[in-house]
Amino acid sequence: MNKQMQKVQQGFTLIELMIVVAIIGILAAIAIPAYQDYTVKSKVSEGPSLASPALTAGGVACSEQTLSTTAVTNPAFGLNGSTTISGKYVRSVLITSASASTARVIITYTTIGTSVTSGQTVEYRGTCTPGSGMQWANGTPANNPTSWFGSVTGKYQPKS
């Protein structure tokens, strides 16, 4: 046989390598922003975790029909002051009530990258119905994505 015909292709051609690099670039352009949003959202989720005692205290006050018609805060609910409930990304957790049928839990954050600035909040609003308990909500994103309670951008807000 002829030596020219025995030669077998080895390696990849330049165009094949360029196509692989282009595909990796496209995937990275999509994945990196999605990952950054995911990390911010996971850091924001520290807030509801730290706020769970306040949410529970609001529910207990609703069940016992002891929500106040005068403005009350954490100590009236049996909790420490708002700034003592804090974490790595959470500055404070405050529960307030100014009526016998509503309460609010306000979570204030420290700076989280460039997405959440110090002092931004997530707010849960509770509606007390005697016999049914406290129903908490932090906005109505299904109907109107801009109606989140608090100043943290909607895409980082925790689910209700």
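Residues numbered from 1 in each chain as written. Predicted model: local features only at pLDDT ≥ 70, side-chain atom pairs only at ≥ 80, totals over all residues. Heavy atoms only, no water.

Caption draft 1: Inspection of the overall build of the chain at higher detail. In terms of helices and strands, the chain carries 3 helices and 4 strands. When its helices and strands are written in sequence order, the chain yields α-α-α-β-β-β-β. For the chain, with 160 residues in total, the buried portion stands at 32%. Sequence-distant contacts in the chain: of pairs separated by 6 or more residues, those separated by 24 or more amount to 47%. Here the chain displays about 10,000 Å² of accessible surface, and carbon together with sulfur accounts for 60% of that area. (Helix = DSSP H or I, 4+ residues; strand = E, 2+ residues; numbered from the N terminus. Buried < 20%, exposed > 50% of the residue type's maximum accessible area, 1.4 Å probe, protein only. Contact = heavy atoms within 4.5 Å. Areas by Shrake-Rupley, 256 points an atom, 1.4 Å probe, with all protein chains shown as cover.)

Caption draft 2: Structural context of the state of the cysteines. Enumeration according to the criterion identifies 1 disulfide in this entry. Here Cys 62 connects covalently by a disulfide to Cys 128, the sulfurs 2.0 Å from one another. An S-S torsion of about 85 degrees defines the bridge between Cys 62 and Cys 128 as right-handed. Of this pair, Cys 62 sits in helix α3 (residues 46-63) while Cys 128 is found in strand β3 (residues 121-129), placing the two residues 66 residues apart along the sequence. (Disulfide = S-S within 2.5 Å.)

Caption draft 3: The arrangement of the sheet that holds β3 in detail. Taking strand neighbours across the sheet as the criterion, the 4 strands line up as β1-β2-β3-β4 in an open arrangement whose pairing is antiparallel. For this open sheet the edge positions go to β1 (90-96) and β4 (133-137), each flanked by a neighbour on one side alone. Across the sheet, the mean angle from the axis of one strand to that of its neighbour is 15 degrees, orientation sign disregarded. (Pairing = 2+ DSSP bridges. Axes fitted to C-alpha atoms, helices over the stretch in contact; angles between N-to-C directions.)

Caption draft 4: Focus on the UniProt feature "transmembrane region" (unreviewed entry) in the chain. According to UniProt, the positions carrying the feature "transmembrane region" (unreviewed entry) are residues 12-35. Counting secondary structure, residues 12-35 comes out at 92% helix and 0% strand; the distance between its end C-alpha atoms is 32 Å. (UniProt positions renumbered as here; feature names shortened; annotations may be inferred.)

Caption draft 5: View of the nonpolar core. Core analysis: the largest hydrophobic core is formed by 29 residues, its most contacted members being Val 44, Leu 67, Phe 77, Val 105 and Tyr 109. Only α2 (14-44), α3, β1, β2 (102-109) and β3 provide two or more residues apiece to this core. Looking at which element gives the most residues to this core, the answer is α3, with 6 residues. (Core = buried A, V, L, I, M, F, W, Y, C linked by side-chain atoms within 4.5 Å.)

Caption draft 6: Looking closely at the packing of aromatic side chains. Scanning the model with the defined rule gives 1 aromatic pair in all. Seen from their ring centres, Tyr 35 and Tyr 38 are 6.5 Å apart, and the 35 degrees between their planes marks the pair as tilted. Of the two residues, Tyr 35 and Tyr 38 both sit in helix α2, 3 residues apart, roughly one turn of that helix. Over the face of the ring belonging to Phe 149 we find Arg 125, whose NZ or CZ atom lies 3.8 Å from the ring centre. (Phe/Tyr/Trp six-rings, centres within 6.5 Å; stacked < 30°, edge-to-face > 60°. Lys NZ or Arg CZ within 6 Å of the ring centre and 35° of its normal.)

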